Amino acid sequence: MAFKESLIENNSILLSAEAANWEDAVKLGTDMLVASKAIEPSYHDAIIRCVKSMGPYIIIAPNLAMPHARPEDGVNRTAFALVTLKKPVYFDGEDEPVDVLVTLAGSTSDQHMEGLMEVTQILDDENSSTGVDLDKLRRCHSKEDVYAVIDRALNGG
């Protein structure tokens, strides 16, 4: 399941959202996937539990988190959700706050890795000091904006 198709199918884009803390921010993404039946509520619980026990392993670049747990934690089908926050949230022990979250539910570890690679490809920016360009997503005001960013990134435009 490709990133864009999944966002459309699961109606899982939320832009300039409000979140009180990182747990709330994660829940915004998982709630959309629970609503579309891509995941069970247990998947959200697993993400929170893992971050609390292992630290914020879901932060994959400055200001970017990719909330995910294991396929057996309640994934019904591979799916993605995208959340951008109006005000960034802090994870315990992290200096850099997070304002872009891409929730990834991979139904197998292969699909999980493929999903990770596709998202990385979309955000990749060799001219940026962090290696990713999150402004592409921060500037989006509609789902159509997001789809256009994905198309440009994947079609080399």
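Relevant structure appears above.
The paragraphs below set out a description of the structure included in this document. These numbers were taken from a predicted model, which means no experiment stands behind them.

Regarding the sheet that holds strand E1 (residues 13-17)
Right, on to step 1. Sheet architecture is open: five strands sit in the order E1-E4-E5-E3-E2, paired in mixed fashion. Strands with a single pairing partner mark the edges of an open sheet, and in this sheet they are E1 and strand E2 (59-61).
Right, on to step 2. Pairing geometry for E2 and strand E3 (residues 64-65), over two bridges, is antiparallel. Its bridge partner being in E3, Ile59 is matched across the sheet by Ala65.
Right, on to step 3. Across the sheet, helix H2 (residues 22-35) touches E1, strand E4 (79-89) and strand E5 (98-105), and the angle it forms with E4 is around 150°.
Right, on to step 4. Here helix H4 (residues 109-123) sits on the sheet and contacts E3, E4 and E5; the angle it forms with E5, its principal contact strand, is near 150°.

Describing H4
Right, on to step 1. For H4, which comprises 15 residues, the first-to-last C-alpha distance of 21 Å matches the rise-based estimate of 21 Å (1.5 Å per residue) to within 8%.
Right, on to step 2. For H4, every residue scored as buried is listed here: His112, Gly115, Glu118, Val119, Ile122 and Leu123. Across the axial projection of H4, the buried residues extend over an arc of 130°, all falling on one side. What points out from H4, more than 90 degrees from its buried face, is the exposed set Ser109, Asp110, Glu114 and Met117.
Right, on to step 3. Buried residues along H4 sit against helix H1 (3-9), E3, E4, E5, helix H5 (135-138) and helix H6 (143-154).

Rules used throughout
- Residues numbered from 1 in each chain as written.
- Predicted model: local features only at pLDDT ≥ 70, side-chain atom pairs only at ≥ 80, totals over all residues.
- Heavy atoms only, no water.
- Pairing = 2+ DSSP bridges.
- Helix = DSSP H or I, 4+ residues; strand = E, 2+ residues; numbered from the N terminus.
- Contact = heavy atoms within 4.5 Å.
- Axes fitted to C-alpha atoms, helices over the stretch in contact; angles between N-to-C directions.
- Expected span 1.5 Å × (residues − 1).
- Buried < 20%, exposed > 50% of the residue type's maximum accessible area, 1.4 Å probe, protein only.
- Arc of directions from axis to C-beta.

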